[in-house]
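Overview (structure and organization)
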Amino acid sequence: MPETATAVKAVKQSYPPTPEILQMMETFRQMVNDCLRAGLANDVSSLKKLSKLCYPALSKCPIASYYKLHAISKAAGILANRKQSIKRGYPTKTPHMKHPLLISSYGFKVANGILKVPLGDRQYFDISLNSYVKNILSGPAVTVRSFTLADSNTVSICYAKEVQKIECTTAFGIDRNLANVTCGNQDRVIIFDVSQAVKVAENTRSVTRSFRRNDVRIRRMITDKYGRRRRNRVHQLVHKVSKAMVQDAKQQKAAIVFEDITFIRKLYQRGNGQGRDYRGRMNSWPFHELKRQVEYKAAWEGVKVLTLTKGKTRGTSQFCPRCGKRLQEAERHDAIHKRQLLCAYCKRWMDRDVVAAMNVARKGGEVFHRSQGPAGEAMKGNSMTTVILRVDAGKLSRRQIDGVVHQPKT
Ligand SMILES: [Zn+2]
C-alpha cells in the first residue's frame, strides 16, 4: 500500500476590486488587530481560547461570520509565532497587521472559470479567473481549499490534491554553490550552471550604486525596484533548476537529499575578515529558496525530500565517495585541477561539488535504508564511470533536459 499525503499549492492573479471588497479587507484587518490586542492583553494564543475571548466582541462587525473565524485564526497564528520567537530568544515587536486582507476557506465557489467571493446574504462578488488559473484548478484530483485577497488587487487561491508517495530506489544528493547546483549520486551527476544569478546580482549592485542623489526616499525607491527585479530574475532561474531536478528525481524514482545549511549567512557577515564584495556575492544567492521550491514541487509530485542534520553531513567534501579515504586539495597554483580534489588511493581527481553531492546522496541513502529496508540496496552503485552532465540553467527547457539525460555526452 503506497503512502499518500496531501500536497498544497497556491496560484495568484490580479483582479479589479470594488470599494465594497476593499472595505471588507479593511474590516478584516481591523478584526485581526482587535483579536491581537485582546490576545496580548489576556495572554492567550491558542485558537480555542482566542475564539471564546474574541468572537462575542466581533459580533458587531458588519461582515459574514466565516470571515470572523478566519480573522481569529489569523491572529492566533501570529500570536503563536510570536510566542515561539520569544521562547527561542528572538526579539519581537508588538504584532500588528498592516495591510488589508481577506481570507476564507468557506462560503466561496469556483464554477465556470469564476471565483465567487461571498459578501453575505447570498450575495457574491465575481472574479473571473484567467486561463492559466482555470487550467490549474481544473487539473485531475485538484480541490480548491481557500482564497486570499491581498495587495488591493491580487487574489491567491490555495488548492490541494492527494499524492501517492513514490517508492524511491535511490537517492540524489544536492550540493548548493554560488556558480552551480550539483545533483546526483554515484552513478550519475547533473551540474546546473547558475552563474547567471551572480551576474544578475552584480549588475543590480552596479546599477543601484550609480545613483548619486543624496535623498534617502529616492534611494530606497530605487533599491526596492531593482531589488524586486533582481529577485524575480534569480528566482526564475532557480525555478528552472528546481523543476528539472524534481522531474528528474521522479523519473529515476529517487529521493532528494539536502544538507542542513541553517546559518549559512552567518559565514558571510561583517567582521568575518572577508571583503565587502565577496560577502555581497556569497549572500546574493538564494540557497534556501532552492530548497523551498524543491520541497513544494517534490511534495506535489510525490517525490520524497530529506534534510540531513549538520552532524551527518560533516566533511562531505573531504572524503572520497568511493573508498572513504581523506581527499587532498589541489595546490594553489594548479590551474588544471581548480576546485578539484585528489584521492591518492583511487588515483582520481574529482570535482569538489560532485564529491559533496555524492556523499550527501550516500548518507541520505543510508538513512532511507535504515527506515525502509531493502530500498537502500540500489544505493551501493560501484560503477567506476560516473556520468557527469553539465546543464546551463539559464537555457534550460524541459525538452533539453530530457535530451541530455537520455543521451549523455561525457
Ligand atoms: Zn578513493
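Since we're looking at a predicted model, the values are computed, not measured.

1. Here's the deal with the sheet that holds strand β7 (residues 154-164)
- The strand order β1-β7-β6-β2 describes an open sheet built from four strands, whose pairing is antiparallel. Two strands bound the open sheet, and with one partner strand each, they are β1 (4-14) and β2 (102-104). Strand after strand, the sheet turns through a mean of 20° between neighbouring axes, direction not considered.
- Pairing between strand β6 (residues 143-150) and β7: seven bridges, direction antiparallel.

2. Digging into the packing of aromatic side chains
- According to the stated counting rule, one finds six aromatic pairs in the structure shown.
- With a centroid separation of 6.0 Å and 75° between ring planes, the pair formed by Y268 and Y278 is classed as edge-to-face. A residue pair is termed long-range when its members are at least 10 positions apart, and Y268 in the loop between β11 (254-259) and α7 (276-283) and Y278 in helix α7 qualify at ten residues.
- The ring of Y345 carries K325 above its face, with NZ or CZ at 3.9 Å from the centroid.

3. A short note on the pattern of salt bridges
- Enumeration over the complete set of coordinates arrives at 15 salt bridges.
- Across the pair D215 and R213 runs a salt bridge, and its minimum N-O distance is 4.0 Å.
- With a relative accessible area of 18%, D215 lands in the buried category.
- Its relative accessible area of 57% is what places R213 among the exposed residues.
- A salt bridge links D351 to R390; the shortest N-O distance between them is 3.9 Å. Of the two residues, D351 sits in strand β15 (residues 348-351) while R390 sits in strand β16 (residues 387-392), which places them 39 residues apart along the sequence.

4. Side note on the coordination of the zinc ion
- Protein-derived ligands of the zinc ion are C320 (SG), C323 (SG), C343 (SG) and C346 (SG), with the metal-ligand distances lying across 2.2 to 2.3 Å.
- Because the angles between the four donor atoms bound to the zinc ion fall within 103 to 118°, the donor set is best described as tetrahedral.
- Sequence spacing of the donor residues for the zinc ion, all on one chain, is C-x2-C-x19-C-x2-C. Highlighted residues: C320 in the loop between β12 (305-308) and β13 (328-329) and C343 in strand β14 (residues 340-343), separated in sequence by 23 residues.

5. A look at the environment of T170
- With respect to the helices and strands, T170 occurs in strand β8 (residues 170-176).
- When its relative accessible area of 12% is taken as the criterion, T170 is described as buried.
- Residues T170 and T18, 152 residues apart in the sequence, show an inter-C-alpha distance of 53 Å.

6. Looking at the domain arrangement of the protein
- With domains assigned, the protein is organised as domain 1 (4-163) and domain 2 (170-406).
- Each of domain 1 and domain 2 has a C-alpha centre, and these two points are 35 Å apart.
- Counting residues at the interface gives eight residues for domain 1, matched by five residues for domain 2.
- When the two sides are added together, the surface that domain 1 and domain 2 hide from each other amounts to roughly 540 Å², 78% of it contributed by carbon and sulfur.
- In this structure, the connection of domain 1 to domain 2 is made through zero salt bridges.
- Taken together, domain 1 and domain 2 are joined by zero residue pairs in polar contact (both at pLDDT 80 or more).
- For the side of domain 1 that touches domain 2, the elements supplying multiple residues, two or more each, are β1 and β7.
- The element contributing the most residues to the side of domain 1 that touches domain 2 is β7, with four residues.
- Of the residues contributing to the side of domain 1 that touches domain 2, the split by class is six nonpolar, no polar and two charged.

About the cut-offs
Residues numbered from 1 in each chain as written. Predicted model: local features only at pLDDT ≥ 70, side-chain atom pairs only at ≥ 80, totals over all residues. Heavy atoms only, no water. Pairing = 2+ DSSP bridges. Helix = DSSP H or I, 4+ residues; strand = E, 2+ residues; numbered from the N terminus. Axes fitted to C-alpha atoms, helices over the stretch in contact; angles between N-to-C directions. Phe/Tyr/Trp six-rings, centres within 6.5 Å; stacked < 30°, edge-to-face > 60°. Lys NZ or Arg CZ within 6 Å of the ring centre and 35° of its normal. Salt bridge = Lys/Arg side-chain N within 4 Å of Asp/Glu carboxyl O. Buried < 20%, exposed > 50% of the residue type's maximum accessible area, 1.4 Å probe, protein only. Donors = N, O, S within 2.8 Å, 3.2 Å for Na, K, Ca; no water. Tetrahedral: all angles 85-135°; square planar, octahedral: opposite > 155°, others 65-115°. Domains from an automatic or database assignment. Contact = heavy atoms within 4.5 Å. Buried area = accessible area lost by both parts, 1.4 Å probe. Polar contact = N/O pair within 3.5 Å; in protein donor to acceptor, adjacent residues only side chain to side chain. Nonpolar A, V, L, I, M, F, W, Y, C, P; charged D, E, K, R; others polar.

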